[in-house]
Amino acid sequence: MWFLATLATSVIVLVIYSVQLPGLSSRRRRSELKEIAHKVDVLLDRCFAHLVGLEEVRKELSKSGVGFLLREKRRMEGKKPGAGNGDDALDHFMVLGKPGVGKTTVAEALAKFLISIGRCDRMKKVSRADLVGSYVGQTERKAKKILQNKKSCIIIDEAYTLYQPGASGSDYGKIALEIILLAMSAKDNDIVVVFIGYEGAMHEMGKVNDGFWRRITQSLTIPDLTAVVMAAIFEKKVETKYLSLAPDVTTKWLETFFEENFKAVGQNHNGSLPVKLLGHATHYLNARVVTEGDMTLRLTRSDIENGRDDLLSQFRMLDRHVDFSVHVSQFFKNYGQQLVFEGIRWVICGK
């Protein structure tokens, strides 16, 4: 599947950029483009090797990577940019997705890719606490200090927290955002900014400044994890724990297992679900090691199914806790004022 996606991307790349090397023979032009596309795919493989289910994201980055390297080649040769070929194809990114889909991990892999092709030379991860101060002047100093890192890929995790609707006048997140946007558009600033967040929250933040979305070159949306991807994550995590799977715990069995057992809750947990399942299943494996002396460290279907029961039970308990909290909150919202008045009356009147 990935081979076909890579082949399709390479074909698209060859068509898009075949007119960007004037003066070269058609055969030589195709050869150079093919070489560049292959280099980009190799680098993407290296940077995204530990991730699964991101074919569309890789396809977009492959096209942008080829464009960047092609422009760098032209620049090194002293040629003028071709018409319509701006230098901002790998400038600033938005990584969007629901909780647990791996937004931060994807952003880190993106930064490594940008470093590998020469767009950046370092990665720096920050959050609201690194950018926003608590008094006048502190925010400017903190934000500008981070943005002074030349050729850095600056990853802003939970970027939507910079904008907090209804916050008091002493909240300086908006100032930090304005400073970041100015740095993003400065001609002498060669940083790359990667915003990470939930789609709805990031769109709300974008309303603060009309130029926000104009400065985002590429928006990468990480899809919800499918049963196939969860099964692949589970298998990878088993390897990292120096465990193994019983012969009848096949990839196909795991895919069906995730589809049938976690379809209703999968999108609420995404990547954390197979990790939590492995933790619960390992508990039963450890019990077998102690009681049965089983030293194979091999997870069985029974271990995984017992882990599933524990995990779903935990989810149900959390849901009941949330429901209770919601009911309590709604009760005080409806009757809180009345309770306060009754309390005051009781204190004053004694009844």
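Reading guide: rules and limits
- Residues numbered from 1 in each chain as written.
- Predicted model: local features only at pLDDT ≥ 70, side-chain atom pairs only at ≥ 80, totals over all residues.
- Heavy atoms only, no water.
- Buried < 20%, exposed > 50% of the residue type's maximum accessible area, 1.4 Å probe, protein only.
- Helix = DSSP H or I, 4+ residues; strand = E, 2+ residues; numbered from the N terminus.
- Arc of directions from axis to C-beta.
- Contact = heavy atoms within 4.5 Å.
- Phe/Tyr/Trp six-rings, centres within 6.5 Å; stacked < 30°, edge-to-face > 60°.
- Pairing = 2+ DSSP bridges.
- Axes fitted to C-alpha atoms, helices over the stretch in contact; angles between N-to-C directions.
- Core = buried A, V, L, I, M, F, W, Y, C linked by side-chain atoms within 4.5 Å.
- Parallel < 35°, antiparallel > 145°, perpendicular 65-115°, else oblique.
- Left-handed = near helix turned anticlockwise from the far one by under 90°.
- Nonpolar A, V, L, I, M, F, W, Y, C, P; charged D, E, K, R; others polar.

1. Quick notes on helix α6 (residues 138-147)
Turning to step 1, where the next piece is worked out: Every buried residue of α6 is listed here: Gln138, Thr139, Ala143, Ile146 and Leu147. Taken around the axis of α6, the buried residues stretch over an arc of 155 degrees, which confines them to a single face. Facing away from the buried side of α6 by over 90 degrees, the exposed positions are Arg141 and Lys145.
Turning to step 2, where the next piece is worked out: At its buried positions, α6 is contacted by β2 (122-126), α5 (128-131), β3 (152-156) and α7 (173-185).

2. Digging into the packing of aromatic side chains
Turning to step 1, where the next piece is worked out: Scanning the model with the defined rule gives eight aromatic pairs in all.
Turning to step 2, where the next piece is worked out: Aromatic pair tyrosine 160 and tyrosine 198: ring centres 5.2 Å apart, planes at 25 degrees, arrangement stacked. Note that tyrosine 160 is positioned in the loop between β3 and α7 and tyrosine 198 in the loop between β4 (192-197) and α8 (199-206), a separation of 38 residues in sequence.
Turning to step 3, where the next piece is worked out: The exposure class of tyrosine 198 is partly exposed, given its relative accessible area of 32%.
Turning to step 4, where the next piece is worked out: With a centroid separation of 6.0 Å and 70 degrees between ring planes, the pair formed by phenylalanine 257 and phenylalanine 262 is classed as edge-to-face.

3. Points about the sheet that holds β4
Turning to step 1, where the next piece is worked out: Taken in spatial order, the five strands line up as β2-β3-β4-β1-β5 in an open sheet, and their pairing is parallel. The sheet terminates laterally at β2 and β5 (218-221), the two strands that pair on one side only. In this sheet, neighbouring strand axes are inclined to one another by 20 degrees on average, regardless of whether the strands run parallel or antiparallel.
Turning to step 2, where the next piece is worked out: As paired strands, strand β1 (residues 92-96) and β5 are joined by four bridges and run parallel to one another. If you follow valine 95 over to β5, its bridge partner there is leucine 220.

4. Regarding the nonpolar core
Turning to step 1, where the next piece is worked out: By size, the foremost hydrophobic cluster in this structure holds 60 residues, and its most contacted members are Phe48, Leu61, Phe113, Val194, Phe234, Phe258 and Ile304.
Turning to step 2, where the next piece is worked out: In contact with phenylalanine 113, not counting residues within four places along its chain, are Val40, Leu43, Leu44, Cys47, Phe48, Leu61 and Gly65.
Turning to step 3, where the next piece is worked out: Val126, Tyr160, Ile179 and Val193 belong to the second-largest nonpolar core, a separate cluster that totals 28 residues.

5. Here we look at the environment of aspartate 310
Turning to step 1, where the next piece is worked out: Secondary-structure assignment places aspartate 310 in helix α13 (residues 301-349).
Turning to step 2, where the next piece is worked out: According to the relative accessible area criterion, aspartate 310 is partly exposed, its value standing at 28%.
Turning to step 3, where the next piece is worked out: Placed 33 residues apart in sequence, aspartate 310 and leucine 277 show a C-alpha to C-alpha distance of 8.7 Å.
Turning to step 4, where the next piece is worked out: Setting aside chain neighbours within four positions, we find aspartate 310 in contact with His280 and Tyr284.

6. Side note on the packing of helix α2 (residues 26-47) against helix α3 (residues 55-76)
Turning to step 1, where the next piece is worked out: Between α2 and α3, the least distance of the axes is 9 Å, while the angle of their chain directions is 130 degrees. What the angle tells us is that α2 and α3 run oblique. For the pair α2 and α3, the sense of crossing is right-handed. Together, Glu32, Leu33, Ile36, Ala37, Lys39, Val40, Asp41, Leu44 and Asp45 of α2 and Arg58, Leu61, Ser62, Gly65, Val66, Leu69, Leu70 and Lys73 of α3 make up the contact between the two elements.
Turning to step 2, where the next piece is worked out: Its residues assigned to classes, the contact of α2 with α3 shows nine nonpolar, two polar and six charged.

Read these as spatial facts, not as claims about activity.
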